[in-house]
Amino acid sequence: MSKYQWPASALDPYEMQLLYREKQRSGKSITLLIREAVLKAYDSHKQ
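Quick notes on the rules
Residues numbered from 1 in each chain as written. Predicted model: local features only at pLDDT ≥ 70, side-chain atom pairs only at ≥ 80, totals over all residues. Heavy atoms only, no water. Axes fitted to C-alpha atoms, helices over the stretch in contact; angles between N-to-C directions. Helix = DSSP H or I, 4+ residues; strand = E, 2+ residues; numbered from the N terminus. Parallel < 35°, antiparallel > 145°, perpendicular 65-115°, else oblique. Contact = heavy atoms within 4.5 Å. Nonpolar A, V, L, I, M, F, W, Y, C, P; charged D, E, K, R; others polar. 1 Å grid on protein atoms, 1.4 Å probe; cavity = no way out; pocket = protein on both sides within 12 Å on 5 of 7 lines; lining within 4 Å. Points joined across faces, edges and corners; volume = space filled by probe spheres on them. Polar contact = N/O pair within 3.5 Å; in protein donor to acceptor, adjacent residues only side chain to side chain. Expected span 1.5 Å × (residues − 1).

### Considering the packing of helix α1 (residues 13-26) against helix α2 (residues 30-42)
No. 1: As a packed pair, α1 and α2 sit with axes 9 Å apart at the nearest point and diverge in direction by 105 degrees. Taken together, α1 and α2 sit at an angle that is classed as roughly perpendicular. Counted together, M16, L19, Y20, E22, K23 and S26 of α1 and I30, L33 and I34 of α2 form the full contact between these two elements.
No. 2: The class makeup of the residues in the contact of α1 with α2 is six nonpolar, one polar and two charged.

In structure tokens, the structure reads:
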């Protein structure tokens, strides 16, 4: 078993819908959108 749980497994349908809409709008992958959100929320060095 992996040390880390895949983050999308905790997302509910509404949250996935939000990601999908942003994917369609931006052309970015959902994985990239999740990465950007994590960095924005938790990495004060990249602000």
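### Topic: the layout of surface pockets
Once rolled over the atoms, a probe with the size of a water molecule shows which space is left empty.
No. 1: For the largest pocket, the calculated volume is near 200 Å³.
No. 2: Looking at the largest pocket, the residues that line it are P7, L11, L19, E22, L33, I34, E36, A37, V38, A41 and Y42.

### Focus on the environment of K28
No. 1: Position of K28 among the secondary structure elements: in the loop between α1 and α2.
No. 2: Leave out the neighbours within four places in its chain, and K28 touches K23, L33 and E36.
No. 3: Only 3.1 Å separates the side chain of K28 from the side chain of E36, close enough to count as a polar contact.

### A short note on α1
No. 1: Compared with the 20 Å implied by 1.5 Å per residue over 14 residues, the 20 Å span of α1 between its first and last C-alpha is a close match.
No. 2: Looking at where α1 begins, the residue whose side-chain oxygen comes 3.1 Å from the main-chain nitrogen of Y14 is D12.
No. 3: G27 sits one or two positions beyond α1 and adopts a positive phi of about 80 degrees.

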